[in-house]
Amino acid sequence: MRILLLALFIFLFHFAFTTSTLQPALLRTENLRNPLGIDNPFPRFSWNFESTHRNRIQTAFEIIVSEEEAKIKIHQGDQWNSGIIKSSQSIQIAYSGTPLRAAVRYYWAVRVYDNDGNASSWSAVNFFETGLLNEHDWKGKWIGDGRKQFEQDEQFYQDDPMPVFRKFFTSSKKISTARLYISGLGYYEAFFNGKKIGDHALDPGFTTYRKEVFYSTYDVTAIIKKGKNILGVELANGWYNPLPLRLFGRFNLRNVLQTGRPCVLAQLMISYADGTSEVIATDETWQTNTGAVLRNNVYLGEKYDARLEKKWTMSDSDPSWTNAVAVEGPSGKLISQLLPPIRITRIVRPVSVKKTGMDTFIVDMGQNFAGVARIKVSGPAGTKISLRYGEALHPDGRLNYLTSVAGQIKEIWRLDGGPGAPKTAWQQDEYILKGKGEENWFPRFTFHGFRYVEISGWPGVPDLLAIEGLRMNTDVAETGTFSCSNEMLNKLQETVKWTFLSNLFSVQSDCPAREKMGYGADIVVTAEAFSFNFDMSAFYAKTVRDFANEQQPDGAITEVAPYTGIADRGYGGESGPLGWQLVYPFLQKHLYDFYADDKIIRDQYNGVKKQLEFLRSRAVNQLFYWDISDHEALDTKPEALTASAFYYHHALLASFFAGKLNFKEDSLAFNHLAENIKHAIIQQFYVSHTGRFDNSTQSAQLFSLWYNFTPEIQLSKEVLLQEFKRHNWHLSTGIFSTKMLFDVLSREEMNEIAYMIANQRDFPGWGNMIKNGATTLWESWAQSENTYSKNHPMFGSISEWFYRSLGGINSLSPGFGRILIRPQPAGDLQWVNTTYQSIRGKIVTAWRRNGKSFQLQIEIPPNTTAEINMPSKADGPVTENGIPVSKIKEADNFHFKNGYAVFSIGSGRYTFQSMLN
């Protein structure tokens, strides 16, 4: 007996000291936590880790998947049991089990093995749920209200009450699960028994409807009650039924987008506890009526008559309800909407209400943003309240709406919006009271960009509690934080984030009022800044598909996607300018760099080849000669140089993708093309032995250095410095070279100059915007009162510099598997704190300097390694908690280089100290 007890003790003792030092955490499927509606037949799994130990690496993993949660809890994977796979991979691992079935919940768990081969405990059980995987899984029809589409442009501007739909059904048995799969174009909201389902707004996201239409999946198990139920849907126009408004006097969306009257496709699938099931799908048995929304448009706003509200009652005796009609609907494939939905993400409280006329008031929200206003009001039935929106005020306190007018349609400019269009296409909502106590209302089928709201027609005097702003945006998760000892930069970072979120409405737009469209170049220059601040993995995967869906038969990529007809400085047909076309391959590389997503490269490779062939067919002796170029640069733009540089960039990316996919011949051919383009650029634009490229402006010099064109780097840097000096150490850069400025100066150890430029407080620069009251970034360096947007993200590229240079967080391999920590202190900065939640885990840097002393605290997530570049004088003491770094076991390859102590470390938390020169 004693021998048995001793053996048991030895076993338990051994087990206690050989359990894994790693534990999987934050499990995700397709980068989502426990998602509904996955329609990828091979979904990808990822996880992070918890560990209290340093230098932890995963050496193997096991994944189990089952339809039954009970089986996962006893560690059985009957749908997939990967077995022990020796690999450090912990992200983007594709499912490889039994073929998945539609509308099924699958449970999964993972366990991992650490450096010593010890197994973790199994993770918490997670799940994913498949959506409707194939066309035949849909049993419903697209339905509408049967009203005919208008034939004359001016008719579209008259009242056109929204269609509403309802379906009665009875539930008499105990429900096991119930799911609603639904898409309604342009926008929809769904209701069960009078209560809205979910918290999405402006659903579904804007896509190329002829190619792709989003549907959403809702778990409605707890909402359905026993007995009679009513499922209701309200429809709005959105982008599917736009006005024939001629944006900029030219572009009619109805001539380009696939359009139609509002329609809905829905499928309620109920599984009962007794094993039976029921499907309730849209068809001609649904009933339709008109609702209280009389007009709605994404640009001009919404008109709502509360007297016309329909109650979702259980009575079906109202003769105004008629049967729905089956309609053709959009031609695009139904795709599960996996990017985060648009939601109300912040309540903005006004800071003042001022009277400016007999019954006119100006409400200052104190912050420019995108969304709508919500009002609380009491008054007689039929009272009409108008809400007009703008980003600025005139000197006399009146609303200045001129920077937020749709498509610049302004009476003072005599720019015609077409038959029936308003003389000035301002943003305006109207509400007509029903006269029954306090009424709470906000428009649900439009969005605006604004700081100020002009109220007219209000019964009495509105106070600060009568109105509030509802900030709306695609609800991407925040992944990064930055703060420092310079309060202006902190304010700028906050301003950048407000600007970015204002321009996420299922497309990354240039501005949330005037255009609302996904311009390629704006995305290229800010993608890294966006991705340090927010999780853009699903959003940018959708953006790549948007541009792929708009690829022209000849291979060209459009300037905006979804395409709305705008094609400026392109190369024939519907092609966009080269810098704007660049978004298509650029975002694929970006998704690989930030999220280790190589699937999108495989999926889009043929499209990239086709695009490059189009560009090759339009090049003249390996060069291009026109482009929108460095938009909003203050000096003359080097148009031909930038166009040719973008062509070079396309070839480089194509070569990289081909190499990644092991298409060796393609890779060599594309690389050869890139080298020929580079040679032609140098021959055409470089002035030998001077360092000057093209017109040698800041833009030209930065392009030459960023792309490594210049054969004489030092000379080209000196020319750039002379340009900065000529501008009194201010920038003159535009959309592209502003991003390049910080990349180049950081790389070339000129971060003091980068900081000097970033920290300028007068024109031109970010400090000038902040000084003049900007709460979101301007479209132009100069303040505009009648043309340019005050909520434009392109100059937000500076936020990338906050993370990469000041904070020092950089990636050395896809998805931050290997991390470079290289803070570059500059100017009068005394401290910087930065965090970034990478796909592999949280990265933290926090540095302080006190005189000559420098301290750096870092956190490196498990299953990654880092190279540390610690600012230090050569051969100075560099310690970790008092111990020389060269002596700690986690550090390797310690040496000094160019003002830094350089060494490699494993995961964990560290506090380093050094002495500066």
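The preceding data block contains the structure.
What you see is a predicted model; the values in this text were computed from it and never measured. (Residues numbered from 1 in each chain as written. Predicted model: local features only at pLDDT ≥ 70, side-chain atom pairs only at ≥ 80, totals over all residues. Heavy atoms only, no water.)

Draft legend 1. Local environment of the packing of aromatic side chains. Tallied over the entire structure, the rule returns 64 aromatic pairs. Relative to Trp-312, the ring of Phe-191 has its centre 5.5 Å away and its plane inclined at 25 degrees; by these criteria the two rings are stacked. One end of the pair, Phe-191, is in strand S11 (residues 187–192); the other, Trp-312, is in the loop between strand S21 (301–305) and strand S22 (322–323), and 121 residues separate them in sequence. As far as burial versus exposure is concerned, Phe-191 and Trp-312 are alike and both buried. Geometrically, the ring pair formed by Phe-500 and Phe-530 is stacked, given 3.8 Å between the ring centres and 15 degrees between the ring planes. Taken together, the positions of Phe-500 in helix H3 (residues 487–502) and Phe-530 in helix H4 (residues 520–533) put the pair 30 residues apart, joining distant regions of the chain. Residue class for Phe-500 comes out buried when judged on its relative accessible area of 0%. For Lys-516, the ring lying beneath its charged end belongs to Phe-447, and the centroid distance is 3.7 Å. The ring of Tyr-900 has Arg-822 sitting right over it, with the charged end atom 4.1 Å from the ring centre. (Phe/Tyr/Trp six-rings, centres within 6.5 Å; stacked < 30°, edge-to-face > 60°. Helix = DSSP H or I, 4+ residues; strand = E, 2+ residues; numbered from the N terminus. Buried < 20%, exposed > 50% of the residue type's maximum accessible area, 1.4 Å probe, protein only. Lys NZ or Arg CZ within 6 Å of the ring centre and 35° of its normal.)

Draft legend 2. Highlighting the packing of helix H8 (residues 599–618) against helix H9 (residues 639–660). One way to put it is that H8 packs onto H9 with a least axis distance of 10 Å and a crossing angle of 145 degrees. In the crossing of H8 with H9, the sense of the turn from one axis to the other is left-handed. Here H8 contributes Ile-601, Tyr-605, Val-608, Gln-611, Leu-612, Leu-615 and Arg-616 to the contact with H9, which in turn contributes Tyr-647, His-650, Ala-651, Ala-654, Phe-657 and Ala-658. Split by residue class, the contact of H8 with H9 holds ten nonpolar, two polar and one charged. (Axes fitted to C-alpha atoms, helices over the stretch in contact; angles between N-to-C directions. Left-handed = near helix turned anticlockwise from the far one by under 90°. Contact = heavy atoms within 4.5 Å. Nonpolar A, V, L, I, M, F, W, Y, C, P; charged D, E, K, R; others polar.)

Draft legend 3. Spatial organisation of the environment of Ser-696. With respect to the helices, strands and loops of the structure, Ser-696 is situated in the loop between strand S37 (692–693) and helix H11 (698–706). Taking the relative accessible area as the measure of exposure, Ser-696 reaches 4% and is therefore buried. Separated by 20 residues in the primary sequence, Ser-696 and Ser-716 place their C-alpha atoms 8.9 Å from one another. Not counting residues within four places of it along the chain, the set of residues in contact with Ser-696 comprises Gln-701, Val-719 and Glu-723.

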